[in-house]
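# Topology and contacts: notes
If you want the building blocks of each chain, they are given just below.
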Amino acid sequence: MPTYTVTSLKGCLNPHKRENIAAEITRIHSETTGAPAYFAQVIFTEVLPGRYFVGGRPLRNQLIFVNGQIRAGRTAESKDSLIAQMIASIAEAAGLPENNIWIYITDLIPRQMVEFGHVLPEPGDEARWVATLPEHDRAFMQSFAAAGGLAKRPPSRTSPHARGPKRLEGRRRGG
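These notes cover the structure that comes with them. (Residues numbered from 1 in each chain as written. Predicted model: local features only at pLDDT ≥ 70, side-chain atom pairs only at ≥ 80, totals over all residues. Heavy atoms only, no water.)

## Focus on helix 2 (residues 76–94)
Taking 1.5 Å as the rise per residue, helix 2 with 19 residues should run 27 Å; its terminal C-alpha atoms sit 27 Å apart, in good agreement. Those residues of helix 2 that sit buried are Ser78, Lys79, Leu82, Met86, Ser89, Ile90, Ala91, Ala93 and Ala94. Its buried side turned inward, helix 2 meets strand 1 (3–9), helix 1 (15–33), strand 5 (64–71) and strand 6 (101–108). Directly after helix 2, the chain includes glycine 95, whose backbone phi takes a positive value near 70°. (Helix = DSSP H or I, 4+ residues; strand = E, 2+ residues; numbered from the N terminus. Expected span 1.5 Å × (residues − 1). Buried < 20%, exposed > 50% of the residue type's maximum accessible area, 1.4 Å probe, protein only. Contact = heavy atoms within 4.5 Å.)

Take a look at the structure:
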């Protein structure tokens, strides 16, 4: 559900720092929003020197840019807390000053998002949404919590292409 893309120059973050940053982003998002931790996705992108520009000039220092895409509907206070906690935690995990951490949070409309083959719920409605998923899809989604995101989807009786549009159409009409 929430997707945080962390961009930095190549070599800025070693594997240990990336793991700590991912853990902190996941923890903070879950604690602040109430969404299950296994919903959070953190993607790291390293950019070669000379391919990241600020003010029309190549970036030459250690800067971390976090673009968080979350479901719309969170309060301003919740998003303020999310950003404040992330700046402090990412700076500490990366060993950089807070002014080297840039964070943008973008709201996405839940009904315009599909994960695990289903249109996403409004914030706060996750438990009901999970409970209404077919067992096969719920087990696959929850396997991410146990497997750390390395789950293999069990074979389906019907192809996702045959099932997906029907679910989406029904969801648009009914809800």
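Now, onward.
## Some details on the packing of aromatic side chains
Applying the stated criterion across every chain, the model contains four aromatic pairs. For the pair phenylalanine 39 and tryptophan 129, a centre-to-centre distance of 6.3 Å together with 85° between the ring planes defines the contact as edge-to-face. Of this pair, phenylalanine 39 sits in the loop between helix 1 and strand 2 (41–47) while tryptophan 129 sits in helix 3 (residues 126–132), placing them 90 residues apart in sequence. Classification of tryptophan 129 as buried rests on a relative accessible area of 1%. Taken together, the ring pairs connect Tyr38, Phe39 and Trp129 into an aromatic cluster. (Phe/Tyr/Trp six-rings, centres within 6.5 Å; stacked < 30°, edge-to-face > 60°.)

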